[in-house]
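Structural description and commentary
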Amino acid sequence: MTTIYLIRHGQAEGNLYRRCHSWHNGLLTGKGREQVKALEKRFEGVHFDAVYSSDLYRAMSTAGAIYRSRGLPLRVDPGLREIGAGVWEDVPWGQLLYDHRESLTAFLACDPSWHVEGSETFPQVRRRMIAALTRIAAAHPEQTVAVTSHGCAIREALSALLAPDAARTSQIPLPNNTGVAKLIAENGSFRVEYYNDDSHLGSADRWLYPVSRSNAAAGVSGMERNALRHRTLILPQEEDLYLSACREAGVEPYNFLLGEPDNLLLSLLGDRPAGVLQMDRTRQAEQGAGWITLLWMAPEFQGKGLGIQLLGHAICTYRALGRQILRLTCPPEHQRFRQFCLTHGFTEADGKPDVLEAYIGLEL
């Protein structure tokens, strides 16, 4: 008999920024790191013989809650990865909802026929997850193992064990961040003792059996409420909006005839203008830095947790360019925006109290 604790990673950038991060590598957020600390406390006193993880940063970082304090090696297995999303990788969910609503609905419903260019299918993920768990169980008879993986991948594995009929996969809830499933492997088969237990976070989510809930309906509805898309701001037609944003943010407008058009973006919730993001990709590029010169949310969208998606878009843009530092100007009197930045990892630049910066490089 082998005991396997199958654990979803802590909150990651894709979760927070509302972007499709499947095989795309992102880091844990501050909240995710706190969740991992709670996970570590949960398993204090529990003996583990081995720890496995997918080869993506967010899962490997989560596995640190268990392997580091025990002096165990981390065994990395790509078979534990999230579903590969192909051309959807790192695209905002709001953009996918706008451009590919029908396909996105099929994805959220775990439709076995769902596929986009370069992606996996759900049956493929199910097969490789069960194969990986079977390999792990066979390698550790009479032992206890921790395995960190991803939401869709775990749901497919649990679906194979709890609801072999693939049509019922969407009835199984997507596990919460750091949600734990306990599996018992014996004689070539698995028994699920519980699923999605995140009581270490102060909640009481623990499901022994599939519950009736449509992930497709809940997901599309949620994205309509809070998933932004971004497009180039159209000038001169939208110049008034841009100038108004500059005035409210207290920044000087750039000469929008200069530079790359993709540096000035309008963020929309559906078709409603929600914010403006402006980047300067040339300033201090030789220092490995990227600059945000304007991050503005329309008044009716402020205080709704949407601004992080603009910040996340800038982080993902600059990281893809190899930048490691993100900087912006924020006078001390702009307390609300300053607090937003400090909450999301910015600190004052040395000797420049009106300049905030954050490290955005990929590291565990």
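Summary of the structure given here. Just so it is clear, the structure is predicted and the values come from calculations on it, not from any experiment. (Residues numbered from 1 in each chain as written. Predicted model: local features only at pLDDT ≥ 70, side-chain atom pairs only at ≥ 80, totals over all residues. Heavy atoms only, no water.)

**Section: the sheet that holds strand β4 (residues 144-149)**
For clarity, the cut-off: DSSP calls a pair of strands paired once it identifies at least 2 bridges connecting them. Each helix is a run of DSSP H or I of at least 4 residues and each strand a run of E of at least 2, with the numbering of both proceeding from the N terminus. Orientation is described by lines fitted to C-alpha atoms, with helices fitted over the stretch in contact, and by angles between N-to-C directions that extend from 0 to 180 degrees. Only heavy atoms matter for contacts: two residues are in contact if any of them lie within 4.5 Å across the pair.
Taken in spatial order, the 6 strands of this open sheet run β3-β2-β4-β1-β5-β6, and their pairing is mixed. Bordering the open sheet on either side are β3 (74-76) and β6 (189-197), each of which pairs with just one other strand. Ignoring strand direction, the axes of neighbouring strands in this sheet form an average angle of 20°. Sheet strands in contact with helix α6 (residues 122-139) are β1 (2-8), β2 (50-53), β4, β5 (180-186) and β6, and its direction is about 140° off that of β1. Contacts from helix α7 (residues 151-162) reach β1, β4, β5 and β6, with the element oriented near 130° to β6.

**Some points on helix α2 (residues 30-42)**
Definition in use: For a helix, the expected span equals 1.5 Å multiplied by the number of residues minus one. Under the scheme applied here, a residue whose accessible area is under 20% of the maximum for its type counts as buried, over 50% as exposed, and between as partly exposed, the area being computed with a 1.4 Å probe on protein chains only. To be clear, the arc concerns the directions from the helix axis to the C-beta atoms.
Helix length check: α2 (13 residues) gives 19 Å between terminal C-alpha atoms against 18 Å at 1.5 Å per residue, within 8%. Within α2 the residues assigned to the buried category are G32, Q35, V36, A38 and L39. Projected down its long axis, α2 carries its buried residues within an arc of 160°, all on one side. Seen from the open side of α2, the exposed residues pointing more than 90 degrees away from its buried face are K37 and K41. Those residues of α2 hidden inside the fold are in contact with β1, α3 (57-70) and β5.

Purely geometric stuff here, so don't read any function into it on its own.
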